[in-house]
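Per-entry structural report
Okay, here's what each chain looks like letter by letter:
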Amino acid sequence: MPGPVVAVVAMLCLSGALVGCAAGNGNSGAGEPAAAKQPGTAPPPSTSPASAPGTPEVSRAPSAGSTTAASPKSPVKVRVPKVVGHNHQTAQNELQAAGFFMLAEKDATGQGRMLLWDRNWVVVRQYPKAGAKVGTGTTITLYSKKIGE
């Protein structure tokens, strides 16, 4: 009993979708050309599957009624939410929900500390400011300090 791959190849061969295959020959000889399997027959003409008779051609151009994504000329602009006074982790979540994923964080005290545990910090300033309309690819910088400082 032939395996599933052989069966698929045989079906493609019989339907004419596989180029260089001798129709009706279920053998899948390794590297043996189709013309050698059936003496006295010439190999089928070299055609691509899209140009084979009876095969519909697929159009890659968008139709007149289709919608396309926004062009790079007009990036989507979104209003930056106000996150000053919010827990740093909550602020990040709110910005991501608004479509901003390029986020930077800085220690607002100037000590250059890294924000390892975001829930222990509060946002004291943000750039760009809340309400500004910017592209979603814009980096939003949150300036935070530890809670209680």
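Residues numbered from 1 in each chain as written. Predicted model: local features only at pLDDT ≥ 70, side-chain atom pairs only at ≥ 80, totals over all residues. Heavy atoms only, no water.

1. Details of the overall build of the chain
When its secondary structure is counted, the chain shows three helices and five strands. The secondary structure elements of the chain, listed N-terminal to C-terminal, are α-α-β-α-β-β-β-β. For the chain, the proportion of its 149 residues judged to be buried stands at 21%. Pairs at least 24 residues apart make up 56% of the contacts formed inside the chain by residues separated by at least 6 positions. (Helix = DSSP H or I, 4+ residues; strand = E, 2+ residues; numbered from the N terminus. Buried < 20%, exposed > 50% of the residue type's maximum accessible area, 1.4 Å probe, protein only. Contact = heavy atoms within 4.5 Å.)

2. With respect to the sheet that holds strand β3 (residues 121-127)
The mixed open sheet is built from three strands, whose spatial order is β2-β5-β3. Only two strands of the sheet have a single partner each, and these edge strands are β2 (103-107) and β3. Pairs of neighbouring strands in the sheet enclose a mean axial angle of 35°, with direction left out of account. Relative to strand β5 (residues 140-146), β3 is paired through six bridges, and the arrangement is antiparallel. Residue pairing for β5: Y127 is matched across the bridge by T141. Strands in contact with helix α3 (residues 88-97) are β2, β3 and β5; relative to β5, the strand with the most contacts, it is inclined by about 165°. (Pairing = 2+ DSSP bridges. Axes fitted to C-alpha atoms, helices over the stretch in contact; angles between N-to-C directions.)

3. Re the environment of K146
Here K146 lies in strand β5. By relative accessible area, K146 is classed as partly exposed at 31%. Each C-alpha atom of the pair K146 and D118 lies 9.1 Å from the other, and the pair is 28 residues apart in sequence. Not counting residues within four places of it along the chain, the set of residues in contact with K146 comprises R113, N120 and W121.

4. Topic: the side chain of D118
Among the secondary structure elements, D118 is positioned in the loop between β2 and β3. This buried residue, D118, is left without a salt bridge; R119 holds the nearest opposite charge, at 7.8 Å. Excluding residues that lie within four positions of it along the chain, D118 makes contacts with N87, H88, Q89, Q92 and E105. (Lys, Arg positive; Asp, Glu negative; His and termini not counted. Salt bridge = Lys/Arg side-chain N within 4 Å of Asp/Glu carboxyl O.)

5. Notes on the pattern of salt bridges
Oppositely charged side chains are able to pair whenever their charged atoms sit close together. Counting across every chain of the model gives two salt bridges. Of the charged contacts, one joins R113 and D107 as a salt bridge, the two residues approaching to 2.9 Å between their closest N and O atoms. The exposure class of R113 is partly exposed, given its relative accessible area of 23%. One network of salt bridges, in which partners are shared, links D107, R113 and E149.

6. Looking at unusual backbone geometry
Note: most residues except glycine have negative phi, and most peptide bonds are trans. Look at the link from Y127 to P128: it is a cis peptide, with omega at -5°. Structurally, P128 is set in the loop between β3 and β4 (133-135).

7. As for a nonpolar patch on the surface
There is a patch of nonpolar side chains on the surface, built from M114, L116 and W117 and spanning about 450 Å² of accessible area. Topologically, L116 is positioned in the loop between β2 and β3. We classify L116 as exposed; its relative accessible area is 72%. (Patch = residues over 30% accessible without salt bridge, like charges linked within 9 Å, V, L, I, M, F, W, Y side chains within 5 Å. Areas by Shrake-Rupley, 256 points an atom, 1.4 Å probe, with all protein chains shown as cover.)

8. Focus on the packing of aromatic side chains
Centre-to-centre distance and the angle between the planes together describe a pair of aromatic rings. Applying the stated criterion across every chain, the model contains zero aromatic pairs. Directly above the aromatic system of Y143 lies the positively charged group of R125, at a separation of 3.8 Å from the ring centroid. (Phe/Tyr/Trp six-rings, centres within 6.5 Å; stacked < 30°, edge-to-face > 60°. Lys NZ or Arg CZ within 6 Å of the ring centre and 35° of its normal.)

9. Here we look at the nonpolar core
Core analysis: the biggest nonpolar cluster contains ten residues, these being V78, V80, V83, A91, L95, F100, V123, V134, I140 and L142. Secondary-structure elements contributing two or more residues to this core are α3 and β5. (Core = buried A, V, L, I, M, F, W, Y, C linked by side-chain atoms within 4.5 Å.)

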